[in-house]
Amino acid sequence: MGRLSQQVLPLQPADAVAIGPVAGLVEDDDGGVVFVAGLATFAFDADDQVARRLAAVQLVEARLASAAEVATGFAVSTRSLLRWRQAVASDGVAGLFDKKPGPKGPSKLTDAVVSRARELDARGATLAAIAAELAVDSATVRVALGRRAGSAGWQARHGTPTSAPSREGDGDPDGDSDHGDSDHGDSDHGGGGDDHGPGGGDNGDPGGELAVLPDPAPRTFERELARWGLLPEAPVVFTQGAHLPMAGLLLALPGLCHLGFLDCFASVYGRLRNGFYGLQATVLALVFLALAGEPRAEGATRVRPADLGRVLGLDRAPEVKTIRRKLTELAGRRRGAELQRALARAHAAGAADALGFLHVDGHTRVYYGTRDLPKAHVARLHMAAHASAETWIGDAFADPLLVVTAVPGASLASELLRLLPEVRAMVGPRRRPTVVFDRGGWSPAVFAALMEARMHVLTYRKAPFDQVPDDAFSTVSWKSPDGATHRWRLADTRVDLTLAGGDSLAMRQVTRIADGSVQVPILTSNTALAASAVVWRMSRRWRQENYFRYARAHFALDALDTYADAPDDPARLVRNPAKHRARDAVEAARAEVVAANAAMTAALDDAAVRARAPGAGGTAVCDAAAASTVADARRHLDQADARSKQTPSHLPLHEVRPGARLMDEERKLVTHAIRMSAYNAESILARMLQGHYSRADHEARALVREAFSLSGDIAVRDGRLHLCLDPATAPRRTRALDALCRQLTATETTYPGTDLPVVYSMKDHPITT
C-alpha cells in the first residue's frame, strides 16, 4: 500500500494538528484522538503513553504519513519514533512500556565490597588488581571508589555540570529527545554516553590501567540512523586500550596534516552522501591501508576491521564493498584533476624549499586486459604494449607533487608545453624553478618556451653532437648536499641550438667524462649553478625512477583499480596505417629499381663480353630488355612515391579505430592522490629520522614501515590523545622512533574531527639478560 495521492476532503477537526495528507491529531488534558480522513481512528488517555506511542507507530506502518511528519505531529524526535517502531517489531506492544532503569539483578556493590575496595586502593593497588581481588569488573570498582571514567577529560573540556540532565527532553513529552533516551543507553557517540565528550573513549580508564585489546563500543544507533539517511558521518570516538594493533599508523598524521591531505579532499569534494562512513573516514582508511602495505580496496580483506576501526575512532573500518562504493561516488564527480591541483598547491606551500628543482617524467602503466587500448613504448619492457600514459611532476626530492593523464601518443616534450600553466600556478608567479627531465623532452622549442615562462631547463643533450676538445676538461672535486664527495672531469662550455625559422638559442653545456672516455653532455639555462652541481642534480633525476619502482612495489602504482572505460576522443589525430604501408611500398619499389639497375649493369657487362667474342650477336635485344625492366621499375617507384605523398600521415581516430575506448582515469587520479600522500607522509618521517638512526640513509623507509605496523596503547586524558607504541625489533630502532615521537609531539597535531592533540611516545625496550 502506498501513500495516498488522491485529493482528500477537509474533514479534520479545526484544532487538529495535520499529520501528512489524511491524518490529524487532537490532544488536550484528557488525552488525544488521531483522525484519519475525518474518522476517529486511534484514541489514548493523557497518562497512557504506550497507546500514544502505538498510534504514532501505526500511522507510519500504515504509510498514512512519513516518519518525519508523524514525529513532528506528535512533537517527538525521529530517533524516538524509530526506537518505538523497533520495539514493536521485536517485542510487540510490550516493547513500548518503559523499562526499569539500572541493573536488573542484585547489586554486587555491598558495604563489605566498598569497604574492601577502598582499603586496597589506600594500599596503592591498581583497579585491575582490586577487581580481581573482589571478583568484580573495573567499572564496579570505580563506582565503589567514587571515580568515573573520563570525567576529568569531560570537565576539562565542558566544565563541571551544575545539575544532572532531566529525564524529559525539551519539546518531547515522552522524554525521548535528540540526545538519546537514558533507558536505552543511546547517544550521539554510539552508546558510550556523553561523559566522554567529543573524541572520548568508552573502554579502559584514561588515568589507570588500560584493557588489553578491548572490543570497540558498538555504534548501533548511529548505524541505524545511517540506514535511514539521517547521519552525515559517524563522529570520532576512540576505544581506549593497550596493545592495540595498527596503532603505529597514527605516526603518519602530522605528515598528512602538513600536506593538507584531508583539507584538500574536503575543499574539492565537500562531503559524501549521508552515511556512517563519511569523507574523512573513507580517505583516512584508504591512506592507512596504503601505509599498512594494502593500498588496494581488496587489501581491506586482509585487515581486521575492528583493528583499523580503533585507529579511525570507529567501531570498525569500512570494508571492500563500502570502499568501492565510496570511490565510485568520488570518481563520479569528475574532480580528480582538481584534487591533484589542490594537493600540489598544498604540498608546494608546505615544502617551499623543495621547489627549486622540479622533476618531470612520463610513466606508462601496462594494460593486460582484452580492450584494444592505444599502444605506448614501455621502457622497462623494451617494447610497445597496450598502456595508459601519465606525466608526473616531483619536487627536489622527487616526492610526487602532481600527476596528470597524458594524451595518448604524446611525447614528453609536448606534455611539458601542456603542463606549463599547471607548473606556474603550482610554484607561484615569482619562483623560478629548474625543470629536470630526460632526453624524451628534447626540443629546442620547448626549451625556449620554458625559459620564456621564467623556468630553467636541465636535461641531457640528444645526439648527434660535437665532441668537446680534451683540453677543455678539468678535474673537479665537490661535496654534494647529502655529504658525499665526488670527483669528475668536466668541461663547461656554451652551445647554440637552432630553432624553427633559423633563430638560435644559447644554452650552457656541462660535459662529463664517463667510463674513461665517453662524453655525456648536459644542457641547462641555469648559470648560477656550479658545473659539479649541474652534474649532481642531473644524476638525481633517477630519484623519480626510484619512486616509480618503489610505488609499484609498495603502493600499487600500476594497479588497474577499476574496469570502467570511457570513449576516446574521436577527433584526435592518430597515425594512418595506410601511410606506413605506402612507405613500405615506396621502399619495395626503390629496392626494385636498385635490382633492375644491377641486372641491367650485369647484362651490359655480359653483352660486352659476348660482343668481343667472334660471331657474337643479339646485343641490341639484351640491352632493350634490361632497359625495359629498369623503366618499369622506375615507373613503379614514381607511382608508389605519388601514392605515399597523397596518403595523409595522420587521420581522425574515428576513421582508423571507430569506437575506440580508453580506461577511465578518474578513479585512478583519486587513488593516486591517496597513495601519493601516503608516500609523501612516509618521506617526511624518513627525513625526520636523519641524525637519530645511523643507517637512516639506507634503512629509514624500512624503519618507518616497521613503525606503522607496531601495536600500542591509546588513551584520552587531559584533553589529549596519548599514543604509546610498543617497542620495535631492536633497541636502536626503538631509540630512533622515540626521538621521532618527540618531534611529532612538538607539532601539536590534532586528530581530525576532534580537538585532541596527539602525544606520541615509545615504551622502553625490554631488557634481556
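Source: prediction; values computed, not measured. (Residues numbered from 1 in each chain as written. Predicted model: local features only at pLDDT ≥ 70, side-chain atom pairs only at ≥ 80, totals over all residues. Heavy atoms only, no water.)

(A) Examining the side chain of Thr 749 more closely. With respect to the helices, strands and loops of the structure, Thr 749 is situated in the loop between helix H24 (731–746) and strand E24 (758–762). According to the relative accessible area criterion, Thr 749 is buried, its value standing at 7%. Looking at Thr 749, its side chain comes within polar contact range of the side chain of Thr 747, at 2.8 Å. In contact with Thr 749, not counting residues within four places along its chain, are Leu 253, Pro 254, Cys 257, Leu 756, Pro 757 and Val 758. (Helix = DSSP H or I, 4+ residues; strand = E, 2+ residues; numbered from the N terminus. Buried < 20%, exposed > 50% of the residue type's maximum accessible area, 1.4 Å probe, protein only. Polar contact = N/O pair within 3.5 Å; in protein donor to acceptor, adjacent residues only side chain to side chain. Contact = heavy atoms within 4.5 Å.)

(B) Inspection of the packing of aromatic side chains at higher detail. Taken as a whole and assessed by the stated rule, the structure comprises 15 aromatic pairs. Measuring from centroid to centroid gives 4.7 Å for Phe 238 and Tyr 751, while their planes differ by 85 degrees, and the two rings are edge-to-face. With Phe 238 in strand E6 (residues 237–238) and Tyr 751 in the loop between H24 and E24, the pair connects residues that are 513 residues apart, well separated along the chain. By relative accessible area, Phe 238 is classed as buried at 1%. For Tyr 751, a relative accessible area of 0% translates into the label buried. (Phe/Tyr/Trp six-rings, centres within 6.5 Å; stacked < 30°, edge-to-face > 60°.)

(C) Spatial organisation of helix H4 (residues 111–122). Over its 12 residues, H4 runs 17 Å from end to end, which matches the ideal 16 Å to within 8%, given 1.5 Å per residue. What H4 keeps buried is the set Val 113, Val 114, Ala 117 and Leu 120. Each buried residue of H4 lies within a common arc of 135 degrees when the element is viewed along its axis, so the set occupies one face. Relative to its buried face, H4 has exposed residues pointing more than 90 degrees away, namely Asp 111, Ala 112, Arg 118 and Ala 122. (Expected span 1.5 Å × (residues − 1). Arc of directions from axis to C-beta.)

(D) Fine view of the nonpolar core. In this structure, Phe 265, Phe 288 and Tyr 751 are the most contacted members of the largest nonpolar core, which totals 96 residues. Here this core gets 12 residues from one element, more than from any other, and that element is helix H22 (residues 666–688). Once you skip the residues sitting within four places of it in the chain, Tyr 751 turns out to touch Val 236, Phe 238, Leu 250, Leu 253, Leu 284, Val 311, Leu 312, Gly 313, Leu 721, Leu 756 and Val 758. Counting residues in each nonpolar core, the second largest holds 31 residues, with Leu 419, Val 446, Phe 447 and Ala 449 among its members. (Core = buried A, V, L, I, M, F, W, Y, C linked by side-chain atoms within 4.5 Å.)

(E) Summary view of helix H2 (residues 67–74). Buried within H2 we find Val 70, Ala 71, Gly 73 and Phe 74. What you see down the axis of H2 is that its buried residues fit within an arc of 165 degrees, all on one side. On its buried face, H2 is in contact with strand E1 (17–19), strand E2 (23–28), strand E3 (31–36), strand E4 (39–45), helix H1 (49–61) and helix H3 (78–91). Backbone geometry just downstream of H2 places Ala 75 in the positive-phi region, at approximately 60 degrees.

(F) Looking closely at the environment of Val 36. As for its placement among the helices and strands, Val 36 is situated in strand E3. When the C-alpha positions of Val 36 and Gln 12 are compared, they lie 8.0 Å apart, and in sequence the two are 24 residues distant. Residues contacting Val 36, with those up to four places away along its chain left out, are Val 22, Ala 23, Thr 41, Leu 59 and Leu 64.

(G) Fine view of the packing of H4 against helix H5 (residues 127–134). In contact at an axis separation of 10 Å, H4 and H5 are set at 145 degrees when each is read in the N-to-C sense. Between H4 and H5 the crossing geometry is right-handed. Contacts between H4 and H5 involve Val 113, Arg 116, Ala 117, Leu 120 and Asp 121 from the first element and Ile 130, Glu 133 and Leu 134 from the second. Looking at the contact of H4 with H5, its residues break down into 5 nonpolar, no polar and 3 charged. (Axes fitted to C-alpha atoms, helices over the stretch in contact; angles between N-to-C directions. Left-handed = near helix turned anticlockwise from the far one by under 90°. Nonpolar A, V, L, I, M, F, W, Y, C, P; charged D, E, K, R; others polar.)

(H) Highlighting the pairing of strand E9 (residues 375–378). One ladder, built from 4 bridges, connects E9 with strand E10 (residues 383–394); its direction is antiparallel. Looking at the pairing, Ala 376 lines up with Ala 385 of E10. If you look at the hairpin formed by E9 and E10, you'll find 4 residues sitting between the two strands, and His 382 has a positive phi there, around 55 degrees. (Pairing = 2+ DSSP bridges.)

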